[in-house]
Amino acid sequence: MKNVLVVGGDGFCGWPTALHLSQLGHSVTIVDNLSRRRIDDDLGANSLTPIQPIDVRIAAWHEATGKTIGFEHIDVALEYDRFEALLAALKPDTVIHFAEQRAAPYSMKGISEKRYTVDNNIGATHNLLAAITNLNLDTHIVHLGTMGVYGYDDDGMEIPEGYLKVYIPGDEKQIFQREILYPTNPGSVYHMTKSMDQILFQFYAKNDHLRITDLHQGIVWGTQTEETKLDDRLMNRFDYDGDYGTVLNRFLMQSAVGHPLTVHGTGGQTRAFIHIQDTVKCLALAVENPPQERNKVKILNQMTETHTVRHLAGLVADATGAPVANVENPRNEAAENGLRVSNETFISLGLQPITLAQGLCEETQQIAQRFADRCRMDMIPCVSTWTDNQRPGLVPSSAVAAA
């Protein structure tokens, strides 16, 4: 069992991951600046599910399991000295890095949100790498990245796990083979910071031989895990607003409150998906299987299936009877794209994916129905636009009334 520090452990993926690792017997400490809660206040949004204060959450976990999770209130991007002192004291075997602003729409909302996303995400990542190096710790860093670093070009090629073999012609008709990072093609400021993370990881792995695993994750759906179900005080976030809500969760919530399912443009955007329960399982597998090569970042694609947005809307509409509304796409992206992704490493490590075909979205639908009275209807539309040429994804008031 390992001594694990979960940076950003109060968030949508961080909290259930901390519980899962604790349940497996790891010693877990959470570091968080609680910024996600403050952003909700700034946006006038909320989690559909009620989220308890962090001290209540941790106390409830101890009552439910007898296990203890530590907590330190530190802003990793801004409080370097405090963070380094904590690392020096704990000497963790593993640091899991979730401490980044995670929403693409929020990162495109305005100039202050763009600057915050870059300052926070890059600052947190580099402070972690610098501190581990300065303390000369043999700590494995596991970072939650995004499939979005690859972009969504429809060329039919299967996206490999992080690296691409290229063949370069030489001056005398030789052919040189090289392995490079798969070229990044970020679609938002948020995705750009994750692309920049890759370069930081590559440098510190090469220069300082840090052990780093970078997980390129698909869009997460679902809310609860086996651990968060143990007590209502442990309940995970359910974001449904236009900035932080992920597409399938938004559809399920919209159906629960009688709102049309908001499909951006044609809905032909193909994306990779993963259930939150599989997310925590993948994180545990990454902790248990650190990279063998110290000068190369281990990159894994953390996803289980791909779907178009209109296909997801059709599934939810068929199951719930909710109408579908095609709205303006606030994002600057291709209207249609295909997507093929390799996830062979996690499958080879024993992951048995939870898929939509298994009907487990029913549980998320039940959560949405249970807490539908907490929904703030004015937060449903996606109004953060990528450029001046895009328009907010608004459903006409007549269509909302009809639904």
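Residues numbered from 1 in each chain as written. Predicted model: local features only at pLDDT ≥ 70, side-chain atom pairs only at ≥ 80, totals over all residues. Heavy atoms only, no water.

K.L.:
For the packing of helix α1 (residues 14-23) against helix α9 (residues 276-288), give the residues involved together with the corresponding values.
P.N.:
The interhelical angle for the contact between α1 and α9, taken along N-to-C directions, is 55°, at an axis separation of 9 Å. With respect to each other, α1 and α9 are oriented oblique. The element α1 and its partner α9 pack so that their crossing is right-handed. On the side of α1, the interface is formed by Pro16, Thr17, His20 and Leu21, while α9 contributes Ile276, Val280, Lys281, Leu283, Ala284 and Val287. Its residues placed into classes, the contact of α1 with α9 shows seven nonpolar, two polar and one charged. (Axes fitted to C-alpha atoms, helices over the stretch in contact; angles between N-to-C directions. Helix = DSSP H or I, 4+ residues; strand = E, 2+ residues; numbered from the N terminus. Parallel < 35°, antiparallel > 145°, perpendicular 65-115°, else oblique. Left-handed = near helix turned anticlockwise from the far one by under 90°. Contact = heavy atoms within 4.5 Å. Nonpolar A, V, L, I, M, F, W, Y, C, P; charged D, E, K, R; others polar.)

K.L.:
Outline the sheet that holds strand β2 (residues 27-32), listing residues and values.
P.N.:
The sheet built from seven strands is open, its strands ordered β3-β2-β1-β4-β5-β9-β13 with parallel pairing. Unpaired on one side and paired on the other, β3 (69-73) and β13 (298-302) mark the two borders of the sheet. Neighbour-to-neighbour, the strand axes of this sheet turn through a mean angle of 20°, independent of strand direction. As paired strands, strand β9 (residues 211-217) and β13 are joined by five bridges and run parallel to one another. Directly across from His216, in β13, lies its bridge partner Asn301. Sheet strands touched by α1: β1 (3-7), β2, β3 and β4 (94-97). Its angle to β2, the strand with the most contacts, is close to 165°. Of the strands in this sheet, β4, β5 (140-146), β9 and β13 touch α9, which is tilted by about 145° from β5. (Pairing = 2+ DSSP bridges.)

K.L.:
Could you give an account of the packing of aromatic side chains, naming the residues involved and the relevant values?
P.N.:
Under the counting rule described, the total for this entry stands at three aromatic pairs. Taking 5.7 Å as the distance between ring centres and 45° as the angle between the ring planes, the aromatic pair formed by Tyr106 and Tyr244 counts as tilted. Linking Tyr106 in helix α5 (residues 104-107) with Tyr244 in the loop between β10 (219-221) and α8 (247-256), this pair joins segments that are 138 residues apart in sequence. Tyr244 matches Tyr106 in its accessibility class, with the two residues each being buried. Taken together, a centroid distance of 5.3 Å and an interplanar angle of 90° make the contact between Phe203 and Tyr204 edge-to-face. For Phe203, a relative accessible area of 40% corresponds to the partly exposed category. When the ring centre of Tyr244 is taken as reference, the NZ or CZ atom of Arg36 above it lies at 3.6 Å. Here the guanidinium or amino end of Lys296 rests over the ring plane of Tyr163, the centre of that ring lying 4.5 Å away. (Phe/Tyr/Trp six-rings, centres within 6.5 Å; stacked < 30°, edge-to-face > 60°. Buried < 20%, exposed > 50% of the residue type's maximum accessible area, 1.4 Å probe, protein only. Lys NZ or Arg CZ within 6 Å of the ring centre and 35° of its normal.)

K.L.:
Go over the pattern of salt bridges with me, naming the residues and quoting the values.
P.N.:
With the rule as written, the count across this model stands at 20 salt bridges. Across the salt bridge formed by Asp10 and Arg37, the nearest N and O atoms sit 2.7 Å from each other. Taken as a pair, Asp10 in the loop between β1 and α1 and Arg37 in helix α2 (residues 35-43) lie far apart in primary sequence, 27 residues in all. According to the relative accessible area criterion, Arg37 is partly exposed, its value standing at 22%. For Lys109, the salt bridge is made with Asp243, and the minimal N-O distance between the two is 3.0 Å. Taken together, the residues span a long stretch of sequence, with Lys109 in the loop between α5 and α6 (111-135) and Asp243 in the loop between β10 and α8 at a distance of 134 residues. For Lys109, a relative accessible area of 33% corresponds to the partly exposed category. Here the salt bridges share partners, and the residues they tie into one network are Arg36, Asp40, Arg102, Arg237 and Asp239. (Salt bridge = Lys/Arg side-chain N within 4 Å of Asp/Glu carboxyl O.)

K.L.:
Can you break down the pairing of strand β15 (residues 324-327) residue by residue, with the values?
P.N.:
By the alternation rule, side chains of β15 split into Ala325 and Val327, which are all buried, and Val324 and Asn326, of which none is buried. Where strand β11 (residues 261-264) lies against β15, four bridges are found, and the strand directions are parallel. Opposite Thr262, over in β15, you have Ala325 as the bridge partner.

K.L.:
Give a description of the packing of α1 against helix α3 (residues 54-65) that names residues and reports values.
P.N.:
Two measures define how a pair of helices packs: the angle their axes make with one another and the distance between the axes. Two elements in contact, α1 and α3, have axes whose closest approach is 12 Å; the angle formed by their N-to-C orientations is 25°. If you check the angle between α1 and α3, you find them roughly parallel. Regarding α1 and α3, the two cross each other, and that crossing is right-handed. Listed contacts from α3 to Trp15, Leu19, Ser22 and Gln23 of α1 are Ile54, Arg57, Ile58, Trp61 and Thr65. Residue composition of the contact of α1 with α3, grouped by class: five nonpolar, three polar and one charged.

K.L.:
Please provide a residue-by-residue account of α2, values included.
P.N.:
When α2 is considered as a whole, its buried residues turn out to be Ser35, Arg36, Ile39, Asp40 and Leu43. Angularly, the buried residues of α2 cover 150° about the axis, an arc narrow enough to put them on a single face. On its buried side, α2 packs onto β2, α5 and α6. Backbone geometry just after α2 places Gly44 at a positive phi near 75°. (Arc of directions from axis to C-beta.)

K.L.:
Explain the nonpolar core to me, and be specific about the residues and the numbers.
P.N.:
Leu5, Val7, Phe83, Leu87, Leu129 and Ile212 are the most contacted members of the largest nonpolar core, which has 39 residues in total. Looking at this core element by element, the count peaks at seven residues for α6. Those residues in contact with Leu87, other than ones at most four positions away along the chain, are Leu5, Pro92, Val95, Ala131, Ile132, Leu135 and Leu137. Judged by nonpolar contacts, the second largest core, of 34 residues, contains Cys13, Leu21, Ile69 and Leu351. (Core = buried A, V, L, I, M, F, W, Y, C linked by side-chain atoms within 4.5 Å.)

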